[in-house]
Amino acid sequence: MRADELRGALPGVPEKEWLSDAEARVRTDPDQLPALFARAGRKLGRQPLADRPDWTPGLAGRVLLLLAVPHKDDRVLDLYWHGDTGERLAVLHALALLPIGDAGVPLVEDALRTNDTRLVAAALGPYARHLSPATWRQGVVKCVFMGVPLSRVDRLDERADAELAAMLTGLAQERAAAGRRMPADATALLNRIQQKQED
Amino acid sequence: MRVFDPHIHMTSRTTDDYRRMADAGVRAVVEPAFWLGQPRTNPGSFADYFDSLLGWEPYRASQFGVRHHATIALNPKEANDPRCRPVLDLLPRYLDKDGVVAVGEVGYDSMTPAEDEAFGTQLALAREFELPALVHTPHRDKAAGTRRTLDVIAESGIDPGRVAVDHLNEVTVGLVRDTGCWLGFSIYPETKMSPPRMVEILQRYGTERVLVNSAADWGHSDPLLTVATGEAMLAAGFTADDVDLVLWRNPVAFYAQSGRLDLSDLPAPEPSYAGSSLARGGS
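**Student:** Honestly, the packing of helix α11 (residues 162–177) of chain A against helix α12 (residues 184–198) of chain A in this entry has me stumped. Any pointers?
**Tutor:** For any two helices packed against each other, one specifies the crossing angle of their axes together with the interaxial distance. Residue and element names in this part refer to chain A. Orientation of α11 relative to α12, taken along the N-to-C sense of each, is 140°, at an axis distance of 10 Å. In terms of their interaxial angle, α11 and α12 are classed as oblique. Relative to α12, α11 is oriented so that their crossing is left-handed. Two secondary-structure elements touch here, α11 through A162, L164, A165, L168 and T169 and α12 through A186, L189, L190, I193, Q194 and Q197. Its residues placed into classes, the contact of α11 with α12 shows eight nonpolar, three polar and no charged.

Structure (structure tokens):
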């Protein structure tokens, strides 16, 4: 979601004045960011947003706080490394909106090493364009392995290549040997890659 | 029977335990930070542990339909190692997190000056971060340790209604009963309390401000002894509402004082929970 979409999704949130105040505070005193970022989850709420059920007011508010704070790079990294899962998800969702270049890549690589499907899915959003092809392919296969829907992967068809097809084919063979099915979206992806190669 | 275990160290338990607990009605747990058997030697080791209590363990619990919260503190045993003292400097950042519903376990192990300082400092942090405190009472010299614990709590200025004094027994319950603190009882297979002894205490002292936990960890312990205590209460003539008060509403009321307890959308435990095989990731 873009910044204006985030703000547009928040009008019904009762505590949005708390958010306006918090944004003003981190603009003038960025050292307040860690505490306000931590509290935003419970202050703004954890229920799904009406228009975007995969987002919560707390998540949207945290992303807006990151957009408000000046001199972002080190502060963003600090919030991730000292964050709980909710805070880490907010940083991962914000990365593509922040002017921090490749500085967020170690965070995404860390998220891909976890076994939490929420973090793995968030790592493969739009900011994943900064990942190397090898790391990105491993992430996609891990999604298939963990049952994360491939619709969560940004620019999937654009980046899917012969090497990813080979990895998925290998996984399909292992699954067949174990009498287990591949997820339908993974089989469909494999077919699309192979179709693209024949064209 | 719905059960909230207000003190259990799930980090040390298996997925089989989570499944059995969910099947028996345990729908929510609080995991206090404590020691891990093997002493730690540096603050980084604690940071990873605290991160796990707020990250991986709640996620693992959610696979079985169990809601997981944590309490964070430097425990009294490791407060005695000067290499672990800087953990106190890590705490403020953690005490602001959504999943933290109390400061704990704090209190005494051997009643040393280092433990005095860590205990007092952390009760002050509980006030600063508007959190309740979960207080461990020592296994050795328990009655004297409990008296000293109550003195420190009174001197700290924290509201006693925001303090749970844990691991009580027949000898120490009377000391705590009239202080306004909550009364915690850990039900163990052999040591500490047993379900029949717990029922006798409830008959004598009532159900008000009583918390019953399994304190199950890496030692000989049983995460289903909360449920067994509920069954023993029913067999002794307590009503289902009494059991619900002790095993659900009391712990909810105590930890809800944090303002952070999140029991929304809690699924009813199902005998054959579909998500019971934990996703292990790509390797």
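After that view of the structure, there is still more to cover.
**Student:** Even after reading the chapter, I still don't get the nonpolar core, so can you show me in this structure?
**Tutor:** As a rule of thumb, nonpolar side chains are buried together in soluble globular proteins. Core analysis: the largest hydrophobic core is formed by 72 residues, its most contacted members being B:F50, B:L95, B:I153, B:F185 and B:M198. If you tally residues by element for this core, the top one is helix α2 (residues 43–54) of chain B, at six residues. Core analysis: the next-biggest nonpolar cluster, separate from the first, contains 68 residues, A:A111, A:L119, A:L131 and A:V148 among them.

**Student:** Would you take a moment to explain the environment of A:A3 for this structure?
**Tutor:** With respect to the helices and strands, A:A3 occurs in helix α1 (residues 3–8). The spacing of A:A3 and A:V63 is 60 residues in sequence and 8.3 Å in space, taken between C-alpha atoms.

**Student:** Which parts of the structure should I look at to understand the sheet that holds strand β1 (residues 3–5) of chain B?
**Tutor:** Neighbouring strands of a sheet are bound in pairs by backbone hydrogen bonds; such pairs are parallel or else antiparallel. All names here are of chain B. Strand order in the open sheet formed by eight strands is β1-β2-β3-β4-β5-β6-β7-β8, and the pairing between neighbours is parallel. Only two strands of the sheet have a single neighbouring strand rather than two, namely β1 and β8 (210–213). Within this sheet the neighbouring strands show an average axis-to-axis angle of 25°, counted without direction. Summarising the sheet, strand β2 (residues 26–32) and strand β3 (residues 67–72) pair through five bridges and their orientation is parallel. Residue pairing for β3: A28 is matched across the bridge by R67.

**Student:** Sorry, what's going on with the environment of A:D116 here?
**Tutor:** Residues and elements named next belong to chain A. For D116, the location among the structural elements is in the loop between α7 (105–113) and α8 (117–123). For D116, a relative accessible area of 4% puts it in the buried group. Residues D116 and M146, spaced 30 residues apart in sequence, show a C-alpha to C-alpha distance of 9.1 Å. A distance of 2.6 Å separates polar atoms of two side chains, one belonging to D116 and the other to R118.

**Student:** Looking at this structure, I do not really get the interface of chain B and chain A. What am I missing?
**Tutor:** A common measure of how large an interface is: the accessible area buried when the components associate. With 15 residues of chain B in contact, the opposing surface of chain A contributes 24 residues. Surface buried jointly by chain B and chain A totals about 1,700 Å² across both partners, of which 43% is contributed by carbon and sulfur atoms. Contact with chain A buries surface across chain B, with B:Y59, B:R93 and B:D98 losing the most and accounting together for 36% of the total. In this structure, the connection of chain B to chain A is made through eight salt bridges. Close ionic contact of A:R42 with B:D98 constitutes a salt bridge, the shortest N to O distance being 2.8 Å. For the side of chain B that touches chain A, the elements supplying multiple residues, two or more each, are α2 and α3 (56–62) of chain B. Per-class residue counts for the side of chain B that touches chain A are four nonpolar, three polar and eight charged.

**Student:** Sorry, what's going on with the pairing of β8(B) here?
**Tutor:** Taken residue by residue, a regular strand's side chains alternate between the two faces of the sheet. Residues and elements named next belong to chain B. Of the two faces of β8, both are covered, the one formed by V210 and V212 as well as the one formed by L211 and N213. Summarising the sheet, strand β7 (residues 182–186) and β8 pair through four bridges and their orientation is parallel. Bridge pairing in β8 links S186 to N213. Taken together, β7, helix α9 (residues 195–205) and β8 form a β-α-β motif whose crossover is right-handed.

**Student:** Would you mind going over the domain arrangement of chain A with me for this structure?
**Tutor:** All names here are of chain A. One can read the domain layout of chain A as domain 1 (1–130) and domain 2 (132–199). Taking only C-alpha atoms, the centre of domain 1 and the centre of domain 2 are 29 Å apart. Of the residues lining the interface, 15 residues belong to domain 1; the matching set on domain 2 comes to 14 residues. Together domain 1 and domain 2 conceal approximately 1,100 Å² of surface at their shared face, both sides included; 63% is due to carbon and sulfur atoms. Of all residues in domain 1, the largest losses of buried area upon contact with domain 2 belong to L112, A121 and L124, amounting jointly to 42% of the total for that side.

**Student:** It is not clear to me how the confidence of the model for chain A should be interpreted in this structure. Could you clarify?
**Tutor:** Low pLDDT means the predicted coordinates in that region are not meant to be read closely. Here chain A averages 94 in pLDDT, while 100% of its residues score no lower than 70. Looking over chain A, one finds the lowest element-wise mean pLDDT in α1(A), namely 83, and the highest in α7(A), namely 98.

**Student:** How do you make sense of the pattern of salt bridges when you look at a structure like this?
**Tutor:** Tallied over the full model, the rule gives 34 salt bridges over all chains. A:R137 is paired through a salt bridge with A:D161; the nearest N and O atoms lie 2.9 Å apart. Taken together, the residues A:R137 in helix α9 (residues 133–146) and A:D161 in the loop between α10 (156–159) and α11 connect sequence positions 24 residues apart. Given a relative accessible area of 24%, A:D161 falls into the partly exposed group. The partner of B:E57 in a salt bridge is B:R60, with the nearest N and O atoms 3.0 Å apart. Of the two residues, B:E57 and B:R60 are both situated in helix α3; the distance of three residues between them amounts to about one turn of the helix. Owing to a relative accessible area of 9%, B:R60 belongs among the buried residues under this scheme. One network of salt bridges, in which partners are shared, links A:R39, A:R42, A:R46, A:R62, B:R67, B:D96, B:D98 and B:D262.

Rules and cut-offs
- Residues numbered from 1 in each chain as written.
- Chains lettered and ligands numbered in written order.
- Predicted model: local features only at pLDDT ≥ 70, side-chain atom pairs only at ≥ 80, totals over all residues.
- Heavy atoms only, no water.
- Axes fitted to C-alpha atoms, helices over the stretch in contact; angles between N-to-C directions.
- Helix = DSSP H or I, 4+ residues; strand = E, 2+ residues; numbered from the N terminus.
- Parallel < 35°, antiparallel > 145°, perpendicular 65-115°, else oblique.
- Left-handed = near helix turned anticlockwise from the far one by under 90°.
- Contact = heavy atoms within 4.5 Å.
- Nonpolar A, V, L, I, M, F, W, Y, C, P; charged D, E, K, R; others polar.
- Core = buried A, V, L, I, M, F, W, Y, C linked by side-chain atoms within 4.5 Å.
- Buried < 20%, exposed > 50% of the residue type's maximum accessible area, 1.4 Å probe, protein only.
- Pairing = 2+ DSSP bridges.
- Polar contact = N/O pair within 3.5 Å; in protein donor to acceptor, adjacent residues only side chain to side chain.
- Buried area = accessible area lost by both parts, 1.4 Å probe.
- Salt bridge = Lys/Arg side-chain N within 4 Å of Asp/Glu carboxyl O.
- Right-handed = clockwise from strand over helix to strand, strands pointing away.
- Domains from an automatic or database assignment.
- pLDDT = per-residue confidence, 0-100.

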